[in-house]
Amino acid sequence: MLTCNMDVEERSVWLRATPGAAAMAQPFYCTEAGNFYGRAHFATARTDKDSYILFYTLSGSGLIEQNDQRIELPAGSALLLNCRTPQSYCTAPGQDHWHHYWVHLDGAGVANLAEVLLPQGRLSAVPVSRLEMQPLFESLTSEWEHRTTAAQIETGLLLHRMLALMARQLLAGDESRSNRTLIEHAAEFIRQHYAEPLSLDRLLAQTPVSKSWFLRLFRQYMGTTPYNFLLSTRITRAKELLVLTDFSISEIAHQVGFGDESNFSTRFAAMVGQSPQQYRKSAMKPAGAE
């Protein structure tokens, strides 16, 4: 359900599109966008919409509310919001206008970056230079009417850039730098000890945070779970050994930390799409490799 007070200037722009299956298969796509010159009484409230929305304030200020969160979005700030949970947004109290870009977007790439931009569901106003963000929205507008494959690809790239700019800024903050360092140390510990029996408890012994917080941070900064990162590290090393050595499959399995050849072969095939033996046969060995 949507209720709104469209107190906007006539020069405001509202664009709509109906993406086809090919567009919706892309990691980033959009369905609506706008350049709103909101006046003092501009307001929108919505119970749910199957997408995210990205705001960028050009001048004035907006107020975004969701769950128990209430955050102001001043000029030069961007914010990503998951519209699947009831929300409202309006010109901020005390402001006479909120000039802002907005775009409804979705896709697997958006959901992935939302884990960074909405950590634990917390709304974050991210400062982004107008010189960087405004040209992206302008290019998005110019591509809107060209519903060609090329335009859909370009639109996806533009959306990715917008979110990447925000993620880069958010991850550069003091708290994020500290968290990132913690996770980088944990990832390096896995890289150094991947061949040994590794448990989550052993990783947690290296970090001063709770289990739940560590798992959230690890997924935020590494894009996966500690267990899957360990598996990926082991399989990557196994690929090197399969190509560069004549060790048996069983020997390689034990060298990279798997208890037995059967488990190793099953995991390898699931992640690579080939058995270890098939991978060895299909890979080209460098000249002079033993």
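From a predicted model like this one, the values you see are computed outputs, not experimental measurements.

Moving on, we get to the overall build of the protein chain. Within the protein chain, the regular secondary structure consists of 11 helices and 10 strands. Against the globule reference of 19 Å for 290 residues, the protein chain gives a C-alpha radius of gyration of 24 Å, more extended than a compact globule. Each of the 290 residues in the protein chain was classed as buried or not, and the buried ones make up 43%. Within the protein chain, contacts between residues separated by at least 24 positions form 72% of all contacts whose residues are at least 6 apart in sequence. With the model as given, the accessible surface of the protein chain reaches about 14700 Å², and the carbon-plus-sulfur share is 52%. For the protein chain, the distance from the average position of its 26 positive side-chain charges to the average position of its 29 negative side-chain charges is 3 Å.

Turning to the packing of aromatic side chains, a few remarks are in order. For the structure shown, the criterion picks out 13 aromatic pairs. Measuring from ring centre to ring centre gives 5.7 Å for Phe264 and Phe268, while their planes differ by 65°; the resulting arrangement is edge-to-face. Of this pair, Phe264 and Phe268 both sit in helix 10 (residues 261–272), four residues apart, which is roughly one turn of that helix. Among the aromatic side chains, those forming a connected cluster through ring pairs are Trp14, Phe36, Phe42, Phe55, Tyr89, Trp98 and Trp102. Against the face of Tyr37 rests Arg11, its NZ or CZ located 3.8 Å from the ring centre. Taking NZ or CZ as reference, Arg16 lies 4.0 Å from the ring centre of Trp14, over its face.

Attention now goes to the pairing of strand 8 (residues 87–91). Buried residues dominate strand 8, accounting for four of its five residues. Relative to strand 8, strand 4 (residues 43–46) is paired through four bridges, and the arrangement is antiparallel. The residue of strand 8 that forms the bridge with Ala43 is Cys90. As paired elements, strand 5 (residues 52–66) and strand 8 share five bridges and run antiparallel to each other. Paired with Ile64 across the strands is Tyr89, a residue of strand 8.

Considering all chains together, one arrives at 12 salt bridges under this definition. One salt bridge in this structure joins Glu9 and Arg11, with 2.7 Å as the shortest N-O distance. Overall, Glu9 belongs to the partly exposed group, its relative accessible area being 27%. Between Asp106 and Arg84 there is a salt bridge, and its shortest N-O distance comes to 2.5 Å.

What follows concerns helix 10. Relative to the 16 Å expected for 12 residues at 1.5 Å per residue, helix 10 spans 16 Å between its end C-alpha atoms, a close match to the ideal helical length. Backbone nitrogen of Ser262 and a side-chain oxygen of the N-cap are separated by 3.1 Å at the start of helix 10; the cap is Asp260.

In this structure, Glu32 sits in strand 3 (residues 29–39). By relative accessible area, Glu32 is classed as buried at 13%. Within the local environment of Glu32, its side chain forms a polar contact with the side chain of Lys49, the two groups lying 3.0 Å apart. Ignoring sequence-local partners within four residues, the contact set of Glu32 consists of Trp14, Leu15, Arg16, Lys49, Trp102, Val103, His104 and Trp144.

A few words now on helix 2 (residues 108–117). The set of residues buried in helix 2 consists of Gly109, Val110, Leu113, Ala114, Val116 and Leu117. Seen end-on, helix 2 carries its buried residues on one side only, within an arc spanning 150°. Looking at the packing, one finds that the buried side of helix 2 touches strand 5, strand 7 (77–82), strand 9 (97–106), helix 4 (149–171) and helix 7 (211–222).

Parameters at a glance
Every chain is numbered on its own, with residues counted from 1 as its sequence reads. With the structure being a predicted model, the display of local features is reserved for residues of pLDDT at least 70 and the display and counting of side-chain atom pairs for 80 or more, all residues being used for whole-chain, interface and lining totals. Side-chain measures were taken over the full set of non-hydrogen atoms in the model, leaving aside hydrogen atoms and water. In this text, helices come from DSSP runs of H or I with a minimum length of four residues, and strands from runs of E with a minimum of two, each type numbered from the N-terminal end. For the radius of gyration, the atom set is restricted to C-alpha positions; the globular benchmark scales as 2.2 Å times the number of residues to the power 0.38. When a residue's accessible area, from a 1.4 Å probe over protein chains only, is under 20% of the maximum for its type it is buried; when over 50% it is exposed; and in between it is partly exposed. Contact between two residues is taken to exist if any of their heavy atoms lie within 4.5 Å; hydrogens are not considered. Values of accessible area rely on a 1.4 Å probe in the Shrake-Rupley scheme; residue burial ignores everything except the protein chains shown. Charged residues are defined here as Lys and Arg on the positive side and Asp and Glu on the negative side; His and the ends of the chain fall outside this count. Taken as the charge location is NZ of Lys, CZ of Arg, CG of Asp or CD of Glu. Ring pairs are drawn from Phe, Tyr and Trp, using the six-membered ring of Trp, whenever the two centres fall within 6.5 Å, and their geometry is named by plane angle: stacked under 30 degrees, edge-to-face over 60, tilted for the rest. By definition, being over a ring means that NZ of Lys or CZ of Arg is both within 6 Å of the ring centre and within 35 degrees of the ring normal. Two strands qualify as a pair provided that DSSP identifies no fewer than 2 bridges between them. In the sections that follow, a salt bridge refers to a side-chain nitrogen of Lys or Arg positioned within 4 Å of a carboxyl oxygen of Asp or Glu. Expected helix span is taken as 1.5 Å per residue step, with the number of steps being one fewer than the number of residues. Here a polar contact is taken to be a pair of N or O atoms separated by no more than 3.5 Å, where protein atoms must pair a possible hydrogen donor with a possible acceptor and residues adjacent in sequence count only if both atoms sit in side chains. Here the arc refers to the directions that run from the helix axis out to each C-beta atom.

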